[in-house]
Amino acid sequence: MADLSELYQQVILDHNKKPRNFKALETPSITQEGHNPLCGDHITLQLELDGEVVKDVGFQGSGCAISKASSSMMTAAVKGKSKAEVEVMADEFVKMVRGELDPDTEENHLGRLKIFAGVKEFPARVKCAALSWRTVQAAISESHDAVSTE
Amino acid sequence: MQTQTASEFDVAKVRADFPILTQTVNGKPLVYLDNAATSHKPQCVIDTINHFYAAHNSNVHRGVHYLSQLATRELEGARDIVKKFLNAASDKEVIFTKGTTDGINLVAQSYGRKFIKEGEEIIISALEHHANIVPWQMLCEQVGAVLRVIPINDDGELLMEEYEKLLNPKTKFVSVNYVSNALGTINPVKRIIELAHAQDVPVLIDGAQSAPHLKVDVRELDCDFYAFSGHKVCGPTGIGILYGKQHLLEQMPPVQGGGDMIKVVTFEKTTYNDLPYKFEAGTPHIEGGIGLGRAIQYLESVGLDNIAAYEHELLEYATELIGGIPGVRIIGTAKDKASVLSFLINDIHPHDIGTILDQEGIAIRAGHHCAQPVMQRFNVPSTARASFAFYNTKEEIDALANAIHTVIEVFG
Ligand SMILES: Cc1ncc(COP(=O)(O)O)c(C=O)c1O
């Protein structure tokens, strides 16, 4: 049976309450919108790039605890990383929350983000956790169409 | 049938009619409080559908053979049950549709496109489900009409004096729900209809949420159209009813063409069939219609007045218990309400509330309830919504209250 405390871990609750990088950037290189129409979660993500590297990042929006904590921890994780590194993490994160990658046995670059592994037991919440990562994926790819997890 | 007082209502007896209610979810007894989304099906409805396929399956209205006549008789029998349920004047006024959405779209595309012109106005309310907004917006785009909206107050009640101001000689149609699915408000539809009729404006009542809870007599209400869904009245999905006054339906063109809706087809000219078949192109949802008929018989055997009284008791109990939990805010506090409790807990997102309650086996809806304008009016992205049926119990509401305490604990 899925365990609630796997989903709502203290770290996740803490990021929900005090999201990091919850701000608008003054000189963003990219602004990217993402939403999850099912539950109305919405995120505006901004990146300031220095060449290939994410120099600064901020997000705003509204959403459930899972999506907000995921956004907060995503921004903390991508700061200082190259676009290629972000691409890899995003891919691994989405696979992990879908249950397609076991962060304890398979090689990955997720580090602290592993605490979202419990989301895979809650199929209705996978989209919430993945939203911020899908949004950052779109931001660093060429297409800047708004992301929708539907 | 005599009306029992609510506390005499034998809920254990009705629960025994619903096989789905005995299961456990996440190791806990299922507490199903998402009845506004869809209702469960009593065994008699399940049996009726099974029996149709096992013993009577055939196409309708076209066969000389035994089974086809049997199937036709059963389906037309169901139409007659609905006619009596609504107190319609004739079977001709009872059209099988796919559901409420389908019925509203039918009226918009048939009546609307024929009779509503550029610059004319259609009135809906701020409490509508998307199913009673979007079809009218589409019509407005097609014919150049204008959509006007009756506003609501902070309790979620329609502002009737604003409605009276909106009514004007350009008004050509009014379409409102009887009961709001998002807040549970029961709207004063009789008065809404009277005021519209004083200006010869026809009125459609979206009955999706009233059909399961309130006894409706279409002739007493004097509504021109009434739409509801089978799946919300303990019947199957994919079937619904559009009631329309015969003299209006007769003037309306069909929206879909095909078999069953014609009398004579040549390549030069087609003569449409009589009512209600003119609006029922193609092979209908036969077992759906029959299942709906059985569901209505079932509701009538329990008694709609008994259902309404018992559900009212549940709602009052829940409002006091849940509303009394510190941090809970109830959205939708109309004086006249049906069994919907929309709420927020502190600043906890309803999606998180839904997940935690699900772990306790409790099914509620978290979201905008297909009524985004209602959410915008209260300046919230979504709410948690518990909606009750006559097979729910006070113990289930106690379970909901306990689970809400868990939510508050988790989020500290
Ligand atoms: C008030 C109201 N109108 C219309 C609908 C649409 O019903 P259906 O999806 O069965 O067509 C619903 C269903 O949620 C409703 O609650």
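Here, the structure is the one placed above.
Below is a short write-up of the structure. (Residues numbered from 1 in each chain as written. Chains lettered and ligands numbered in written order. Predicted model: local features only at pLDDT ≥ 70, side-chain atom pairs only at ≥ 80, totals over all residues. Heavy atoms only, no water.)

1. Some words on the interface of chain A and chain B
Okay, step 1: At the interface, 19 residues of chain A touch 11 residues of chain B.
Okay, step 2: For the pair chain A and chain B, the summed buried area comes to about 1,300 Å², and 59% of that belongs to carbon and sulfur atoms.
Okay, step 3: At the junction of chain A and chain B, the tally comes to 1 salt bridge.
Okay, step 4: The residue arginine 125 of chain A makes a salt bridge to aspartate 352 of chain B at a minimum N-O spacing of 2.8 Å. (Contact = heavy atoms within 4.5 Å. Buried area = accessible area lost by both parts, 1.4 Å probe. Salt bridge = Lys/Arg side-chain N within 4 Å of Asp/Glu carboxyl O.)

2. A look at the sheet that holds strand S14 (residues 340-345) of chain B
All names here are of chain B.
Okay, step 1: Taken in spatial order, the 4 strands of this open sheet run S13-S14-S17-S16, and their pairing is antiparallel. The sheet is open, and its two edges are formed by strand S13 (328-331) and strand S16 (365-367), each paired on a single side. Across the sheet, the axes of successive neighbouring strands diverge by a mean angle of 35°, strand direction being ignored.
Okay, step 2: Two strands pair when backbone bridges link them, and S13 and S14 are joined in this way by 4 bridges, in the antiparallel orientation. By the bridge assignment for S14, arginine 329 is matched with leucine 344. (Pairing = 2+ DSSP bridges. Helix = DSSP H or I, 4+ residues; strand = E, 2+ residues; numbered from the N terminus. Axes fitted to C-alpha atoms, helices over the stretch in contact; angles between N-to-C directions.)

3. So, the site of the ligand
All names here are of chain B.
Okay, step 1: What surrounds the ligand is the set Thr100, Thr101, His129, Ala131, Asn181, Asp206, Ala208, Gln209, Ser229, His231 and Lys232.
Okay, step 2: The contact in question runs from an oxygen atom of the ligand to an N or O atom on the side chain of glutamine 209, over 2.7 Å.
Okay, step 3: Residue serine 229 places a side-chain N or O atom 2.7 Å away from an oxygen atom belonging to the ligand.
Okay, step 4: Coverage of the ligand by the protein amounts to 85% of the 390 Å² it exposes when considered alone.
Okay, step 5: Residues belonging to the shell around the ligand are distributed by class as follows: 2 nonpolar, 7 polar and 2 charged. (Near = heavy atom within 4 Å. Polar contact = N/O pair within 3.5 Å; in protein donor to acceptor, adjacent residues only side chain to side chain. Areas by Shrake-Rupley, 256 points an atom, 1.4 Å probe, with all protein chains shown as cover. Nonpolar A, V, L, I, M, F, W, Y, C, P; charged D, E, K, R; others polar.)

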